[in-house]
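Analysis of the macromolecular model
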Amino acid sequence: MNIWDRVLGWLTGHRATPPEPKAPPPIRPAPKKAPARTPTTRQSRPTPQPTPSSSQPPPAQPQPRQEVPPVIVGLDFGTHSTKIMLRTRGAKQANVLVLDQRMDGYPWFAVPSLVRLYDGRLFFGRQAAEASGGTLYRSLKVQLLRPHDGPVEQETFATGPEPDLLVACYLSWILERVRAHIVASHPHGEPRVFLNMAAPMNHFEKESLKVRYLHIIQSAWESVFGEKSFPIEQGAVLEKLRPRLQQLLKEVVPDRSSRPFAVLPETVAPIVSLSLDPRMTPGMYMIVDMGAGTTELSVNHVDERGADQKVLCYHDESVVIGGDNFEWADSQGPQGEAETKQLIKAFRRVFATTWHTGYMKDRPNPAAHGRWRNFRVLLAGGAARRREVERAIVDRRPFSNFPVAEERYDVAWHCPTDVILDKSVGESGDQLALLAVAHGLSVPRQQWPEFFPPAEVEQQKDAEVVDMPPAYWYLER
Ligand SMILES: Nc1ncnc2c1ncn2[C@@H]1O[C@H](COP(=O)(O)OP(=O)(O)OP(=O)(O)O)[C@@H](O)[C@H]1O
Ligand SMILES: [Mg+2]
């Protein structure tokens, strides 16, 4: 097991590789209400005990209990919308989970990342968007990027509940619906559930952000899957929830080996998604995921698919630039044009820096830097659809300053593969590129390619120095 495996084992809390189970049945629509549950933990459903009766035939020989394979929930809590995919461990395909009614301005599978507080009651997703009155909390994820005790700029957050509490309520509402769906689609026993969520950070993790995320996820998890669960539904009264959630938010997060949830860098998930694509050919890939609030970039070498596939992540960055910034600039009319130009300039800078930092590792070695001649940029995230952004990537090769002339420079969209769409939606897959993060997160760590994070992708030695024969080679001739 290499260092990265150990690090990711630590992140995900999984160690052993389980046996490969069969693919899951196709997804069914989630029931409106969660079925009744036992108050015990959902992770192990008790086997029903037969009632003794003399008139009944002798009980049949006990059959070995069929193990229900675990389900991994890939939860992409985005600034604009939340996307969810489910995968049974070992399955090739993953299901897109549709938890909310469709709404204009959102992909058909997405839940608006919105919370409305009206008359002391909480409303989530589409219902929050369509209601009026009270306070609408949007861009909750971006609020978490601010320091915990730092100045809160938005007035709504200055006077209202703290973002951690609102996000915990929102995620609890989401998880309750996810759980209801899993229960309904597993009539023979409730599977163990593992949750992977991404935080907007790169491999050089922001420890404070990760800890903050872990506390929020833990409180949402406990409110749904814990022993003393308290499902949060539309119209829940905030003041009733507040003490319980605040208590949970303060609790110590268990050790990695005993918690079923993990927080991963948001730059990693699309690479995992890419590595599953059978159309992918080995080579250098830059992934640009520009969402509403943040942009994640990573530059990677991905080799042949297969059991020992390796991904070398040369460099990755997560920056707070996204569709929200562009939309704000658009709303300023002609004055906003300068702002848009500044945003594009800032994006280009981080795009070039990501490439440059990665390329410099291979530059001293001609054989190594040769592979940068075939360079593909894969786009994910809604704001990458903006013409200015796509043009900034397509038109300008930011790499012309360096001694590597690309023979091939492609810009395309990354669409996750082996995705089961809900038949009732009857929708083409044109928006699937927005699922790259959820798709990657739904893959259990055991199925990831072997990953080398930037710290493990070392700078190449100068080939001429390395290849120089040692002095004795000349002496002994
Ligand atoms: N066709 C389009 N043209 C321009 N912008 C678009 C288009 N489609 C979506 N967007 C923008 O993309 C953003 C949503 O994208 P996405 O769902 O990837 O974000 P998110 O995952 O919620 O955010 P983040 O990843 O930053 O947390 C919104 O700002 C939306 O306005
Ligand atoms: Mg996103």
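The text that follows walks through the structure, step by step, so that each part is easy to find. (Residues numbered from 1 in each chain as written. Chains lettered and ligands numbered in written order. Predicted model: local features only at pLDDT ≥ 70, side-chain atom pairs only at ≥ 80, totals over all residues.)

**Let's talk about the overall build of the protein**
Helix and strand counts for the protein come out as 15 helices and 17 strands. In the protein, which comprises 477 residues, the share counted as buried stands at 40%. A separation of at least 24 residues holds for 74% of the contacts in the protein among residues at least 6 apart in sequence. (Helix = DSSP H or I, 4+ residues; strand = E, 2+ residues; numbered from the N terminus. Buried ≥ 20, exposed ≤ 12 C-beta atoms within 10 Å, placed from the backbone. Contact = placed C-beta atoms within 7 Å.)

**A closer look at the site of ligand 1**
Neighbouring residues of ligand 1: 19 residues in total, closest G78, H80, G291, G323 and G382. Tallying contributions element by element places helix α9 (residues 323-331) first for the shell around ligand 1, with 3 residues. Looking at the shell around ligand 1 residue by residue, the classes come out as 3 nonpolar, 11 polar and 5 charged. The residues that make up the shell around ligand 1 include at least three from each of domain 1 (69-265) and domain 2 (280-413 + 444-463). (Near = placed C-beta within 6 Å. Nonpolar A, V, L, I, M, F, W, Y, C, P; charged D, E, K, R; others polar. Domains from an automatic or database assignment.)

**Considering the sheet that holds strand β13 (residues 310-319)**
Strands sit in the order β15-β14-β11-β12-β13-β17 across an open sheet of 6 strands; the sheet is mixed. A single partner strand is all that each edge strand has here, and the edge strands are β15 (408-413) and β17 (450-452). Pairs of neighbouring strands in the sheet enclose a mean axial angle of 25°, with direction left out of account. Across 8 bridges, the pairing between strand β12 (residues 295-302) and β13 is antiparallel. The residue of β13 that forms the bridge with H301 is L312. (Pairing = 2+ DSSP bridges. Axes fitted to C-alpha atoms, helices over the stretch in contact; angles between N-to-C directions.)

**Focus: the packing of helix α10 (residues 336-362) against helix α12 (residues 387-395)**
Between α10 and α12, the shortest axis-to-axis distance is 10 Å and the interhelical angle comes to 40°. With respect to their mutual orientation, α10 and α12 come out oblique. Pair α10 / α12 crosses with right-handed handedness. Across the interface between the two elements, T340, I344, F347, R348 and F351 of α10 pack against E388, V389, A392 and I393 of α12. Of the residues that constitute the contact of α10 with α12, the class distribution is 6 nonpolar, 1 polar and 2 charged. (Parallel < 35°, antiparallel > 145°, perpendicular 65-115°, else oblique. Left-handed = near helix turned anticlockwise from the far one by under 90°.)

**Quick notes on the sheet that holds strand β7 (residues 135-137)**
As summarised here, the arrangement of the 4 strands in space is β7-β5-β6-β9, forming an open sheet in which the pairing is antiparallel. The two strands at the open ends of the sheet, each matched to only one other strand, are β7 and β9 (236-237).

**A word on the pairing of strand β1 (residues 71-77)**
Of all the 7 residues making up β1, 7 are buried; the element is thus mostly covered by neighbouring parts of the structure. Side chains of β1 alternate between two faces, with V71, V73, L75 and F77 and I72, G74 and D76 buried alike. With 7 bridges connecting them, β1 and strand β2 (residues 81-88) associate as antiparallel partners. Paired with V73 across the two strands is L86, which belongs to β2. Hairpin connection of β1 to β2: 3 residues between the antiparallel strands.

Don't take any of this as a statement about function, it's just geometry.
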